[in-house]
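Now for the letters of each chain:
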Amino acid sequence: MSVQATEPTTGGPQFPWMPQSSTPTGAAPDKEMFLKLLVTQLRYQDPLNPTDSSQFLAQSAQFTSLEKMQDVADRTGALLGAQMAFGASGLVGRTVTYQVADGTTSTGSVSGVSFGPEGPVLDVNGEQVPIGSVISVTDGSTPAGSDPTSTTP
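Residues numbered from 1 in each chain as written. Predicted model: local features only at pLDDT ≥ 70, side-chain atom pairs only at ≥ 80, totals over all residues. Heavy atoms only, no water.

(A) Quick look at the overall build of the chain. A count of helices and strands for the chain gives two helices and five strands. In sequence order, the chain lays out its α and β elements as α-α-β-β-β-β-β. A total of 153 residues make up the chain; the buried ones form 23% of that total. Within the chain, contacts between residues at least 6 apart in sequence are counted, and of these 53% link residues at least 24 apart. Summed over its atoms, the accessible surface of the chain is roughly 10,600 Å², and 59% of this surface lies on carbon and sulfur atoms. (Helix = DSSP H or I, 4+ residues; strand = E, 2+ residues; numbered from the N terminus. Buried < 20%, exposed > 50% of the residue type's maximum accessible area, 1.4 Å probe, protein only. Contact = heavy atoms within 4.5 Å. Areas by Shrake-Rupley, 256 points an atom, 1.4 Å probe, with all protein chains shown as cover.)

Here's what the structure looks like:
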C-alpha cells in the first residue's frame, strides 16, 4: 500500500553550518511503519472483540501533530541560521573587540565573513574569529570599550 504526501516535506533553505533536517528522510519510514502496523492490527484483530476505531484516529492525529511540530522546529532552525548570516554580514566594515584563545582581548576591523560548519566566522585583520567570540561592536569612529559621552578632566 502506497500513501502519497499531501504537503511538501522539504524544509526551507539549508545553510552549511545548520544540521540537515531529519524530517524528510526520517518521517517517511516512520509513517510507513505506522500504517503497516495499523493494517496488520486490523487484519489480525479478534472478530468477537474488535479494536476501538477512535484509538486509531487518536494515534493518527498524534502522529500527524508530531510531524508538524518537527517541521516547525526545522524551519525555526533554518530561520535562526539565516538571521545569524545576515547579522554577521552586517559586521563587515565595523570594529569588533573579541576574546582570543589565551583569554586576552583584541580589537580589529572586520573585512569579511565566511560561513563554516560551526557558524559565521569573521575575518578580522587576517585572523579568523568565530562570531561567538565577539565581545563588542562599534562603527569604527570610537575605540571599542570607550564611552563617547564621557569626558576626561
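(B) How the structure looks around the sheet that holds strand β1 (residues 95-99). As summarised here, the arrangement of the five strands in space is β4-β3-β2-β1-β5, forming an open sheet in which the pairing is antiparallel. Either end of the sheet is taken by a strand with one partner, and the two such strands are β4 (127-130) and β5 (134-138). Averaged over all pairs of adjacent strands, the angle between strand axes in this sheet comes to 45 degrees, irrespective of strand direction. Sheet topology note: the β1/β5 ladder contains four bridges and is antiparallel. When the bridges of β5 are listed, Tyr98 appears paired with Val134. Against the sheet, helix α2 (residues 53-89) makes contact with β2 (105-116) and β3 (119-124), and its axis sits at roughly 130 degrees relative to β2, the strand it touches most. (Pairing = 2+ DSSP bridges. Axes fitted to C-alpha atoms, helices over the stretch in contact; angles between N-to-C directions.)

(C) Layout of the pairing of β4. Where β3 meets β4, four bridges bridge the pair, whose relative direction is antiparallel. What sits directly across from Val121, in β4, is Pro130. Here β3 folds back onto β4, and the loop between the two strands holds two residues, one of which, Asn125, carries a positive phi near 50 degrees.

(D) Main features of the nonpolar core. Within the largest apolar cluster, nine residues are counted, these being Ala88, Leu91, Val96, Tyr98, Val110, Leu122, Val124, Val129 and Val134. Of all the elements in the fold, those that place two or more residues in this core are β1 and β3. (Core = buried A, V, L, I, M, F, W, Y, C linked by side-chain atoms within 4.5 Å.)

(E) α2, seen in detail. Compared with an ideal rise of 1.5 Å per residue, which puts 37 residues at 54 Å, α2 spans 55 Å between its outermost C-alpha atoms and is within 8% of the ideal. By the burial criterion, the buried members of α2 are Phe56, Phe63, Glu67, Asp71, Asp74, Gly77, Ala78, Gly81, Ala82, Ala85 and Ala88. (Expected span 1.5 Å × (residues − 1).)

(F) Unusual backbone geometry, seen in detail. In the Ramachandran plot, Asn125 falls in the positive-phi region, its phi being about 50 degrees despite a non-glycine side chain. Inspection of the secondary structure assignment puts Asn125 in the loop between β3 and β4.

(G) Molecular detail of the confidence of the model for the chain. Of all residues in the chain, 73% attain a pLDDT of 70 or more, and the chain-wide mean is 75. The element-level mean pLDDT for the chain is lowest in helix α1 (residues 23-43), coming to 72, with β1 highest at 91. Here residues 1-15 scores under 50 on pLDDT; set against residues more than four positions off or in separate chains, the count is 15 contacts. (pLDDT = per-residue confidence, 0-100.)

(H) Representation of the pattern of salt bridges in the model. Evaluation of the coordinates by the stated rule reveals one salt bridge. A salt bridge links Arg75 to Asp71; its shortest N-O distance comes to 3.1 Å. You can see Arg75 and its partner Asp71 sitting in helix α2, four residues apart, about one turn around the helix. Taking relative accessible area as the criterion, Arg75 reaches 40% and is therefore assigned partly exposed. (Salt bridge = Lys/Arg side-chain N within 4 Å of Asp/Glu carboxyl O.)

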